[in-house]
Amino acid sequence: MSPNIAKKQRFTGKTAIITGAGSGIGRATAIQMAREGANVALFDLVNDRTFALEQKLNKLRKDCALAVDVDTSDEKRMEEAVRKTVEHFGGLDIVFANAGINGAVGPIEELSLSDWQHTINVNLTGMFLTVKYSIPHLKSKGKGSIIITSSINGNTRFASFGWSPYSTTKAGQVAFAKMAALELAKFKIRVNVICPGAISTNIDESTEMSQDMEAIVIPIEFPEGAQPLAEGPGKPENVAELVSFLASDESIHITGAQIVIDGAESLLS
Ligand code: NAD
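Only a predicted model underlies this, so the values are computations on that prediction, with no experimental measurement involved.

So, empty space enclosed by the protein
Counting across every chain of the model gives one cavity of 30 Å³ or more. Here the largest cavity defines a volume of roughly 30 Å³. If you trace the largest cavity, you find it lined by Thr19, Thr72, Ala97, Asn98, Ala99, Asn123, Gly126, Met127, Thr130 and Gln173. In terms of residues, the lining of the largest cavity owes the most to one element, helix α4 (residues 113–141), which gives four residues. Of the residues assigned to the lining of the largest cavity, the class counts are three nonpolar, seven polar and no charged.

Okay, here's the thing in structure tokens:
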């Protein structure tokens, strides 16, 4: 994607917080939104990638990006990061709660409590804190759009053996999004949740795979072509297009929606 060819300018004058912005889906979304005029706060805990993206975007449009070094599951740092963003850009309109990890994968009896808690903390608590500390700023704008990244795992797909912590968080995110959509509708804050299938990103770096998977795996033979619509996994840019639509006024009447973006992968599994 060339950062110089802007198709639309849906986000001129808007500010977006994007968590997990240093890589994959978050990074592609930050680029897309910045191309379309948004100021983007890039929340991540991997700083070299995130600061490099900040520089790249600020070259594209002066001062449109702010990299924020933050662990989304750390309450104090998240509160401070949201405050810093609003101070820096003068408000908040869009929140993309996207940071996540695969975490520990293995037989339930072998997962430690800290394995379990780590995945819950990053994927669920991090999302909760992102949304919680953003709400007052969206309310003061009189409207807003929140998008949460869940997954097909835990929602339409359950045959990923050993992925019980991850899938539990991804199911929880859908419930949270729908609860929040209803709670926040009267403030004109929309909340939608996306469920990607396999997307080519760096997410595998965050997988802690057990050596004992054989004990629980039931071999499943998938039909030829795991993503019938495509030649393989989706691209982060495909997801960024969907998130941008949900963030924009083009989706003004859509809230509480759970949207699968998987090239029909989950229809096979
Ligand atoms: P990625 O690893 O490329 O990007 C995730 C980013 O989140 C990384 O930059 C990482 O540093 C950051 N991050 C992780 N923990 C964090 C924390 N505590 N605080 C701040 N930042 C943190 O992966 P991705 O595929 O772009 O993942 C984005 C989201 O998409 C995740 O929620 C993931 O579960 C979801 N997802 C991904 C896929 C896929 O196949 N890639 C499929 C379904 C859902």
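Focus on the nonpolar core
Counting 32 residues, the largest nonpolar core has Phe43, Val82, Ile146, Ile148, Leu184 and Val191 as its most contacted members. Of all the elements in the fold, those that place two or more residues in this core are β2 (39–44), β3 (65–69), α3 (75–89), β4 (94–97), α4, β6 (144–149), α5 (164–184) and β7 (189–196). Considering every element that reaches this core, the biggest residue donor is α4, with six residues. If we ignore the near neighbours within four places in the chain, the residues touching Leu184 are Ile135, Ile146, Ile189 and Val191. Formed by 27 residues, the second largest nonpolar core is a distinct cluster that contains Ile18, Leu53, Phe96 and Val239.

Looking at the layout of surface pockets
If you add up the space inside the largest pocket, you get close to 1100 Å³. Gly100, Asn102, Thr201, Ile203 and Ser206 are, among the 43 residues lining the largest pocket, the residues nearest its centre. Among the elements of the structure, α1 (24–35), β2, α4 and α5 are those that each provide at least two residues to the lining of the largest pocket. A volume near 310 Å³ is recorded for the second largest pocket. What lines the second largest pocket is a set of 19 residues, among which Lys143, Gly144, Lys188, Arg190 and Ile252 lie closest to the centre. For the lining of the second largest pocket, the secondary-structure elements that each account for two or more residues are β6 and β7. Here the lining of the second largest pocket is built from residues that sort into six nonpolar, six polar and seven charged.

With respect to the site of the ligand
The environment of the ligand is formed by 29 residues, the closest being Ser23, Ile25, Asp44, Asn98 and Thr201. Between the ligand and Tyr166, the relevant distance is 2.8 Å, taken from an oxygen atom to a side-chain nitrogen or oxygen of the residue. Residue Ile199 places a main-chain N or O atom 2.8 Å away from an oxygen atom belonging to the ligand. The protein chains hide 94% of the 820 Å² of surface that the ligand would expose on its own. Assessed atom by atom at 2 Å from the grid points, the ligand resides in the largest pocket. The set of elements that each furnish at least two residues to the shell around the ligand consists of α1 and α5. Residues that form the shell around the ligand fall into these classes: 12 nonpolar, 13 polar and four charged.

Concerning the packing of aromatic side chains
For the structure on display, the rule yields one aromatic pair. For the ring pair Trp163 and Tyr166, a centre distance of 5.6 Å and an interplane angle of 80° mean the geometry is edge-to-face. The same class applies to Trp163 and to Tyr166, which are both buried. When the ring centre of Tyr133 is taken as reference, the NZ or CZ atom of Lys132 above it lies at 5.1 Å.

With respect to the pattern of salt bridges
Within this structure, the stated rule accounts for 10 salt bridges. Across the pair Glu205 and Arg49 runs a salt bridge whose closest N-O atoms are separated by 3.6 Å. Taken as a pair, Glu205 in the loop between β7 and β8 (207–209) and Arg49 in helix α2 (residues 47–60) lie far apart in primary sequence, 156 residues in all. Taking the relative accessible area as the measure of exposure, Glu205 reaches 61% and is therefore exposed. For Arg77, the salt bridge identified is with Asp69, shortest N-O distance 3.1 Å. For Arg77, a relative accessible area of 34% puts it in the partly exposed group. Here Asp69 falls in the partly exposed class, since its relative accessible area comes to 38%. Each of the salt bridges in this network shares a partner with another, and the network as a whole consists of Lys8, Arg10, Glu36 and Glu250.

Reading guide: rules and limits
Residues numbered from 1 in each chain as written. Predicted model: local features only at pLDDT ≥ 70, side-chain atom pairs only at ≥ 80, totals over all residues. Heavy atoms only, no water. 1 Å grid on protein atoms, 1.4 Å probe; cavity = no way out; pocket = protein on both sides within 12 Å on 5 of 7 lines; lining within 4 Å. Points joined across faces, edges and corners; volume = space filled by probe spheres on them. Helix = DSSP H or I, 4+ residues; strand = E, 2+ residues; numbered from the N terminus. Nonpolar A, V, L, I, M, F, W, Y, C, P; charged D, E, K, R; others polar. Core = buried A, V, L, I, M, F, W, Y, C linked by side-chain atoms within 4.5 Å. Buried < 20%, exposed > 50% of the residue type's maximum accessible area, 1.4 Å probe, protein only. Contact = heavy atoms within 4.5 Å. Near = heavy atom within 4 Å. Polar contact = N/O pair within 3.5 Å; in protein donor to acceptor, adjacent residues only side chain to side chain. Areas by Shrake-Rupley, 256 points an atom, 1.4 Å probe, with all protein chains shown as cover. Sits in = over half its atoms within 2 Å of the grid points. Phe/Tyr/Trp six-rings, centres within 6.5 Å; stacked < 30°, edge-to-face > 60°. Lys NZ or Arg CZ within 6 Å of the ring centre and 35° of its normal. Salt bridge = Lys/Arg side-chain N within 4 Å of Asp/Glu carboxyl O.

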